[in-house]
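Now for the letters of each chain:
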Amino acid sequence: KDNELQAAIEIFEAEGEKALQNTLLQYGAKDHFFRAGILHLATGDTVNVNLAVDKYRSQDPRFSGSREGALLGSLAEAFEEKNIDMFVEKLQDFDAITP
């Protein structure tokens, strides 16, 4: 299962990097990075989650200012602290705004 998650992460990251190279697609890169970040959370490795968030923020400055980037950062923080209430609260806040 971990190999499948890692393969999916690599695909989403590659698609995000490709999107950044295309002026028409660059705004969609955050979606690919967000999905890859969620998969990093699923692996259970807090170190890699935080490294991935930092990587996505440095690759795409729009990611850190986006709702997805903020959510992923908050989820990574809650995950690292093993704070289930914060994790659920951040998801609910995000979901309440999403149409």
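Note: the structure precedes this text.
Just so we're clear, the structure is a prediction, and the values are computed from it rather than from any experiment. (Residues numbered from 1 in each chain as written. Predicted model: local features only at pLDDT ≥ 70, side-chain atom pairs only at ≥ 80, totals over all residues. Heavy atoms only, no water.)

Chemist: Please explain the overall build of the protein chain as it appears in this structure.
Modeler: What the protein chain contains, in helices and strands, is six helices and zero strands. Its C-alpha radius of gyration of 13 Å places the protein chain within 12% of the 13 Å reference for a compact globule of 99 residues. Counting all 99 residues of the protein chain, 33% fall into the buried class. Put simply, of all contacts in the protein chain between residues at least 6 apart along the chain, 52% involve residues at least 24 apart. Counting 10 positive and 18 negative side-chain charges, the protein chain places the centres of these two groups 4 Å from one another. (Helix = DSSP H or I, 4+ residues; strand = E, 2+ residues; numbered from the N terminus. Rg over C-alpha atoms; globule rule 2.2 N^0.38 Å. Buried < 20%, exposed > 50% of the residue type's maximum accessible area, 1.4 Å probe, protein only. Contact = heavy atoms within 4.5 Å. Lys, Arg positive; Asp, Glu negative; His and termini not counted. Charge placed at Lys NZ, Arg CZ, Asp CG, Glu CD.)

Chemist: I would appreciate a short explanation of the pattern of salt bridges in the present structure.
Modeler: Once the charged atoms of two side chains with opposite charge are near each other, the side chains can pair. For the structure shown, the criterion picks out five salt bridges. Connected through shared salt-bridge partners, K30, D31 and E68 make up one network. (Salt bridge = Lys/Arg side-chain N within 4 Å of Asp/Glu carboxyl O.)

Chemist: Would you mind going over the packing of helix α5 (residues 67-81) against helix α6 (residues 84-97) with me for this structure?
Modeler: Relative orientation and spacing of two packed helices are given, respectively, by the angle between their axes and the distance between those axes. Packing of α5 against α6 leaves a shortest axis separation of 8 Å and a crossing angle of 165 degrees. Comparing the axis directions of α5 and α6 gives the class roughly antiparallel. Here α5 runs over α6; the crossing is left-handed. Across the interface between the two elements, R67, E68, L71, S74, L75, E77, A78, F79 and E81 of α5 pack against M86, F87, K90, L91, F94 and I97 of α6. Its residues assigned to classes, the contact of α5 with α6 shows nine nonpolar, one polar and five charged. (Axes fitted to C-alpha atoms, helices over the stretch in contact; angles between N-to-C directions. Parallel < 35°, antiparallel > 145°, perpendicular 65-115°, else oblique. Left-handed = near helix turned anticlockwise from the far one by under 90°. Nonpolar A, V, L, I, M, F, W, Y, C, P; charged D, E, K, R; others polar.)

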